[in-house]
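# Chain and residue survey
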Amino acid sequence: MNTSIAPVAPPPGRWIGNLDRILAIVTEWPAAIALLVEILILLAGVVSRYAFHSPLVWVDELASLLFLWLAVLGACIAYRRGAHMRMTTLISGLPERWRATFESMATVAPLVFLLILLPYAIEHAQDEAIIRTPYLDLSMLWRVAALPVGLALMVLTGVIRIVGSSDVRRACWCAFYLAVVAVALLLLAPWLKTIGNLNLIVFFIVLVFGTVFAGIPIAFSFGLATLAYLAYATQTPLTVLVSRLDEGMSHVVLLSVPLFIFLGVLLEMTGMAKAMIAFLASLLGHVRGGLSYVLLGAMFLISGISGSKAADMAAIAPALFPEMIRRGAKPGELGALLSASGAMSETIPPSLVLITIGAVTGVSIAALFTGGLLPAVLLMIAMGVVVYLRHRNESIGETERPSRRDSGRLFLLAFPAIALPFVIRAAVVEGVATATEVSTLGIAYCVIVGLVLYRQFDWRRIGKMLVDTAALSGAILIIVGAATAMAWALTQSGFSRQLAEMMLAVPGGRTGFLLLSIAIFIVLGSVLEGLPAIVLFAPLLFPISRQLGIHDVHYAMLTIVSMGIGLFTPPFGVGFYTACAMGNIDPGKAIRPILGYIVALFIGLLILCFVPWLSTGFLSK
């Protein structure tokens, strides 16, 4: 299983190939420049505010304008690369003919959604054009034009993908199947309107899960379901869908997402991650299962810098796996440990999930950053117990313990890297800087440390790193936008009120609600991936938890850990397969070893559920 559409062969025909290369230039270079300018202006704003006590009041406006362009261009790059998150567990086991059809559908269905939405995006841009920004006095058209332009570029990308696949006939059949579904819904529309909220089962259960398991990218599955619901079961104009998409993708808190992703990439490129791992190995590498403990510690520390699990695992696996295999570790055990450590570290600030849940629920980011550390410590201890039990009889062979002098030297080398996560957390928690501002400071810190101390900074990689960051950010942000639109539709339908009544009636009161929430987010984290599950259901369930007197931070930690366990649990968890791919490990060999870690994580989750102090004990009263 993977999270992307199968790569497309180079497009046949000179004109298609040239068009594809032009499209790459038109999307990748502007996205990279937008991200670089975003970093520079936000850094300039922080320096101006704190060093010269003269804030640049126009910085947030310009950053917001660029952010939407960055998000849609990144989504376009991800669509062109086939890098949007999707579920392929079921279709990967189908015969070749059927698998090819579903792969084609994964391109055609988003294309149909984009074509339908494009005229409404143009109308939305025209409506916003009359609004002007307060400081720069710019028309909002400069910002919202990103939506119709981005959608048009994605439409062109989809057409090129289809023509380049040399299987236009199969794509036409996929379009025909979608047309049949649309006609069927049109004929059923009068009946769907008469059955009230029961029609939500058709649109948001049958249609969503049907498209997700068919391998259609999750963002477009959400978008198609919401589009169908608004078109066939309501009188709501579809421009509302575009405005909700706009709102979800461009929330100001989410601006830190691409910045922390880029920070994680810098961490690997400058050698800071390698220095941390080397120091931890000098402390624990000589004991039984030592490098397994090192992996857990490295994931804990590195997660406190990058916020992106893919970046964390990409930094750790190449640095540790070769030596662990040389010492006799089984590849399946390594894949299981790396995957489970991803679930363990979901609550470590500046986790992108923490930032996202704060954005969609209004919970303080500083409070989430404070509350996220102890749950991660608890889960790391639980996993450490499993490591100990599995390795207590292991022979350590001729592994020598480094001298104190060597460990001290490695500590001095690693100190600039080890200090960074604590600086990031302290800056946000103490109110010195926002999550977005501190990410820019972290980037500047990494650049300086890489150039001056580690002297490892490959300027030639910067362009690719910027483009890769934009692509991953676009893939994440379009999911957030689509899930925001879907959550809005569910709220407008009255479903949120009905859900509240149902959840409040669960036997066991607060305890029953928490246990049910854990089960819901484990399942959703497994089948929908982490961020979509959080963005879609957190706004619906947090008001209910507040009615029951549950602390927002405690409930946030439970939902994030539950989601993480589902995300990294086979056979559906996307994160599990991502971890195996990072280590070049056969997922089949990791399924059995990961079960012990999942049990340990679940026990830790139950302790977290019944001991709220672990989430809220260090919050200011």
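For the structure, check the block above.
Residues numbered from 1 in each chain as written. Predicted model: local features only at pLDDT ≥ 70, side-chain atom pairs only at ≥ 80, totals over all residues. Heavy atoms only, no water.

Turning to the overall build of the chain, a few remarks are in order. Along the chain, the regular secondary structure elements total 27 helices and 0 strands. Taking 2.2 N^0.38 as the reference for a compact globule, 621 residues should give roughly 25 Å; the C-alpha atoms of the chain span a radius of gyration of 24 Å, in line with that estimate. Dimensions of the chain along its principal axes, counting C-alpha atoms only, are 75 × 55 × 55 Å. Of all 621 residues assigned to the chain, the portion counted as buried reaches 56%. Taking the contacts inside the chain whose residues are at least 6 apart along the sequence as the reference set, 82% of them involve residues at least 24 apart. (Helix = DSSP H or I, 4+ residues; strand = E, 2+ residues; numbered from the N terminus. Rg over C-alpha atoms; globule rule 2.2 N^0.38 Å. Buried < 20%, exposed > 50% of the residue type's maximum accessible area, 1.4 Å probe, protein only. Contact = heavy atoms within 4.5 Å.)

On to helix H25 (residues 574-582), then. Buried residues of H25: Val574, Gly575, Phe576, Tyr577, Ala579 and Cys580, and no others. Positioned one or two residues after H25, Asn584 has a phi angle of 55°, which is positive.

Time to look at the packing of aromatic side chains. Going through the model one piece at a time under the given rule, you end up with 14 aromatic pairs. Taking the centre distance of 6.3 Å and the plane angle of 25° together, the rings of Phe209 and Phe213 count as stacked. One end of the pair is Phe209 and the other is Phe213, both in helix H7 (residues 199-213) and 4 residues apart, which spans about a single turn. The class for Phe209 is partly exposed, based on a relative accessible area of 25%. Site record: aromatic cluster; members linked through ring pairs are Tyr79, Phe113 and Phe220. The ring of Tyr597 carries the charged tip of Arg390 above its face, separated from the ring centre by 4.5 Å. (Phe/Tyr/Trp six-rings, centres within 6.5 Å; stacked < 30°, edge-to-face > 60°. Lys NZ or Arg CZ within 6 Å of the ring centre and 35° of its normal.)

Judged by nonpolar contacts, the single largest core of 209 residues is most densely connected at Phe203, Phe204 and Leu601. In terms of residues, this core owes the most to one element, helix H20 (residues 462-492), which gives 18 residues. The residues touching Leu601, leaving out its near neighbours within four places in the chain, are Ala340, Ala343, Met344, Leu379, Met383 and Ile565. (Core = buried A, V, L, I, M, F, W, Y, C linked by side-chain atoms within 4.5 Å.)

Attention now moves to the side chain of Ser221. If you trace the backbone, Ser221 turns up in helix H8 (residues 218-233). Of note is the side chain of Ser221, whose polar atom sits 3.3 Å from the backbone oxygen of Ile216. Setting aside chain neighbours within four positions, we find Ser221 in contact with Val208, Thr211, Val212 and Ile216. (Polar contact = N/O pair within 3.5 Å; in protein donor to acceptor, adjacent residues only side chain to side chain.)

This next bit is on the side chain of Thr469. Checked against the element boundaries, Thr469 lands in helix H20. Those residues in contact with Thr469 that sit more than four places away from it in its chain are Leu35, Pro258, Ile261, Phe262 and Val265.

Bringing the packing of helix H15 (residues 352-361) against helix H24 (residues 552-567) into the picture now. In contact at an axis separation of 11 Å, H15 and H24 are set at 130° when each is read in the N-to-C sense. Overall, the two elements H15 and H24 adopt an arrangement that is oblique. Considering how the two elements wind past one another, H15 and H24 form a crossing that is right-handed. Counted together, Val353, Leu354 and Ile357 of H15 and Ala556, Met557, Thr559, Ile560 and Met563 of H24 form the full contact between these two elements. Among the residues forming the contact of H15 with H24, the class breakdown is 7 nonpolar, 1 polar and no charged. (Axes fitted to C-alpha atoms, helices over the stretch in contact; angles between N-to-C directions. Parallel < 35°, antiparallel > 145°, perpendicular 65-115°, else oblique. Left-handed = near helix turned anticlockwise from the far one by under 90°. Nonpolar A, V, L, I, M, F, W, Y, C, P; charged D, E, K, R; others polar.)

With that settled, consider the environment of Thr436. Looking at where Thr436 falls in the secondary structure, it is placed in helix H19 (residues 435-453). Assessed through its relative accessible area of 10%, Thr436 is described here as buried. In the structure, Thr436 is positioned 229 residues away from Leu207 in sequence and 36 Å away in space, judged by C-alpha atoms. Apart from residues lying up to four places away in sequence, Thr436 is in contact with Leu42, Val252, Val253, Leu255, Ser256 and Leu259.

Okay, the packing of H8 against H20 next. Between two packed helices, both the angle of their axes relative to each other and the distance between the axes serve to describe the pair. At their nearest, the axes of H8 and H20 sit 8 Å apart, and the two run at 30° to each other. In terms of orientation, H8 and H20 fall into the roughly parallel class. Where H8 crosses over H20, the handedness of that crossing is left-handed. The residues of H20 that touch H8, namely those facing Ala219, Phe220, Phe222, Gly223, Thr226, Tyr229 and Leu230, are Ile478, Ile479, Ala482, Ala483, Ala485, Met486, Trp488 and Ala489.

Attention now goes to the pattern of salt bridges. Inspection of the entire model under this criterion finds 14 salt bridges. Of the charged contacts in the structure, one is a salt bridge between Glu103 and Arg86, with a shortest N-O distance of 3.3 Å. One end of the pair, Glu103, is in helix H3 (residues 96-128); the other, Arg86, is in the loop between helix H2 (59-81) and H3, with 17 residues separating them in the sequence. A salt bridge links Arg546 to Asp552; the shortest N-O distance between them is 3.0 Å. One network of salt bridges, in which partners are shared, links Asp20, Glu28, Arg80, Arg81, Lys464 and Asp468. (Salt bridge = Lys/Arg side-chain N within 4 Å of Asp/Glu carboxyl O.)

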